[in-house]
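# A look at the structure
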Amino acid sequence: MTESEHYFDWAATSPADKEILREALELTLDDWGNPSSIHQAGKNAKALFEAARETCAKALGVKAANIFFTSGGTESDHLPLLAVLNKMQKGSVLISSIEHPALREMGEKMKKVGWKVNYIPADKDGVITPEAVTSLLTNDTQLVCVMAVNNETGVIQPIKEISLAIKKWAEGKRKPKFHVDCVQAAGKIPFDLKDWDVDSAAFSSHKICGPRGIGILYLKDEIDSFLRGGGQEKGIRSGTENVFGALAFGKCLEKYFISESNQPALSSYNEQKKVTEEFVKKLSELKGCTIIPPSRLEKPDLFSPYVVQAAFQNIPGNVMLRALDSKGFYISTGSACSSRKANRPVLEAMHVDASLRETAVRFSFGPLTTVKAVDELFEEVANIAKTFNP
């Protein structure tokens, strides 16, 4: 088997779609100009770049004018958060307690410059409820940040319901902006940005078979960017445009974004749901295995089928990871961005017992994951589990 066939760390990064990347590279080798240049070489590159924007917008079901290219998911998360620094008077920001480090760690920096940052508590299932959000809203709240799909547990957040709750709370007064990290949602669950009616959303190419170093920030309305430079992307994100990345990302969204208009991707998603439900069921029957959260067994539709978290009694997460690695299976103990840290903030926010946090691992899948590979993964996990829990 090739490495990618036993690769179960898609939430960290995905194998590249070589055909898409080659096509994008060929196009930019021919039209290599700077899109901001006004000569013909620049105009040719600009045309490619704008075509990529149109492709991304069509896949996401929004207008091209609402799409801004960035360097990745982290920058797309930072831009709306940093924009509040332009406010003359400091206020408050709400960030979910299960957020990716791109927002959670940035929240800590915001505190140091005088902003009040409140972390929205999650329930035991890892869900951020609309009630939890509105209970923390105040008249000086400028921004609310809640991720669409958690990168460690796969929990799908009620984004539409939160959006409606914020609007209802704000009737007759200024409404805080609502930002959503969609990095683990794109290509992993079907959703409609317009139906969610959020103010901004972050996307990352390398999570859906695209290249690294390119992301998207969706903006319903333009923001006053705190970052300044050459004025590219209407001043929202300055810096020389990544034409290759934009072209590749557009094609990946076109191919892998799940929607009613993309039946191959929707069919793949529905098949993965069946495969993952069976995988979770078999894991739960292993001696000493705990699915996190346990409610996944009864409510599988509340979770993306592409991310599974489980803990194995007497087997520290890093031990399970190394044991599988030695057999050619690749998993993780959580977010790749925090892989060298001992703590597990997301699981802590869910009040998961310390012993389970220490023994928890993440299995994550993608559109190229096969049923055969998942069956082989389970067999290897079962063998390791029996060794420690005979």
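For the structure itself, look to the data block above.
Residues numbered from 1 in each chain as written. Predicted model: local features only at pLDDT ≥ 70, side-chain atom pairs only at ≥ 80, totals over all residues. Heavy atoms only, no water.

## Brief notes about the packing of helix α3 (residues 73-83) against helix α4 (residues 101-112)
Where α3 contacts α4, the two axes come as close as 10 Å, and the packing angle between them is 35°. Here the hand of the crossing between α3 and α4 comes out right-handed. Where α3 approaches α4, its residues Thr74, Asp77, His78, Leu81 and Leu82 are matched on the opposing element by Ala102, Leu103, Met106, Gly107 and Met110. Its residues placed into classes, the contact of α3 with α4 shows 6 nonpolar, 3 polar and 1 charged. (Axes fitted to C-alpha atoms, helices over the stretch in contact; angles between N-to-C directions. Helix = DSSP H or I, 4+ residues; strand = E, 2+ residues; numbered from the N terminus. Left-handed = near helix turned anticlockwise from the far one by under 90°. Contact = heavy atoms within 4.5 Å. Nonpolar A, V, L, I, M, F, W, Y, C, P; charged D, E, K, R; others polar.)

## Topic: the nonpolar core
In terms of nonpolar packing, the biggest core is built from 98 residues, with Leu193, Phe203, Leu283, Phe312, Phe363 and Leu377 touching the most fellow members. Setting aside residues up to four positions removed in sequence, Phe363 forms contacts with Phe8, Phe279, Leu283, Tyr306, Val307, Val308, Ala310, Phe312, Leu324, Ile331, Leu377 and Val381. Of all hydrophobic cores here, the second largest spans 12 residues; its members include Leu82, Trp115, Val117 and Leu143. (Core = buried A, V, L, I, M, F, W, Y, C linked by side-chain atoms within 4.5 Å. Buried < 20%, exposed > 50% of the residue type's maximum accessible area, 1.4 Å probe, protein only.)

## A look at unusual backbone geometry
For the peptide bond that leads from Ile292 to Pro293, omega is -10°, which places it in the cis range. Among the structural elements, Pro293 can be located in the loop between β8 (289-292) and β9 (307-312). Even without being a glycine, Cys209 presents a positive backbone phi close to 75°. Among the secondary structure elements, Cys209 is positioned in the loop between β6 (200-204) and β7 (215-219). Positive phi, close to 55°, is recorded for Lys234, a residue that is not glycine. By relative accessible area, which is 52% here, Lys234 ends up exposed.

## Side note on the sheet that holds strand β2 (residues 92-96)
Taken in spatial order, the 7 strands make up an open sheet running β1-β7-β6-β5-β4-β2-β3, and their pairing is mixed. Looking at strand neighbours, the two that pair on one side only are β1 (67-70) and β3 (116-120), the edges of this open sheet. Direction aside, neighbouring strands of the sheet carry axes that sit 20° apart on average. Relative to β7, β1 runs antiparallel, the two sharing 4 bridges. (Pairing = 2+ DSSP bridges.)

## Some thoughts on the environment of Gly250
Its location among the elements puts Gly250 in helix α8 (residues 243-256). Separated by 40 residues in sequence, Gly250 and Gly210 place their C-alpha atoms 8.9 Å apart. Those residues within four positions of Gly250 in sequence are excluded, and the remaining contacts are Ala52, Thr55 and Cys56.

## Concerning the packing of aromatic side chains
Aromatic ring pairs are defined here through the distance separating the ring centres and the angle between the ring planes. Per the counting criterion, the structure on display carries 10 aromatic pairs. Their ring planes at 50° and their centres at 5.1 Å tell us that Phe49 and Phe69 sit as a pair that is tilted. Remark: Phe69 occurs in strand β1 and Phe49 occurs in helix α2 (residues 40-60); sequence separation between them is 20 residues. Phe49 sits in the buried class, given a relative accessible area of 1%. When its relative accessible area of 4% is taken as the criterion, Phe69 is described as buried. Taken together, the ring pairs connect Phe8, Phe279, Phe312, Phe329, Phe363 and Phe365 into an aromatic cluster. Between the NZ or CZ atom of Lys173 and the centre of the ring of Trp169, over which it lies, the distance is 4.0 Å. (Phe/Tyr/Trp six-rings, centres within 6.5 Å; stacked < 30°, edge-to-face > 60°. Lys NZ or Arg CZ within 6 Å of the ring centre and 35° of its normal.)

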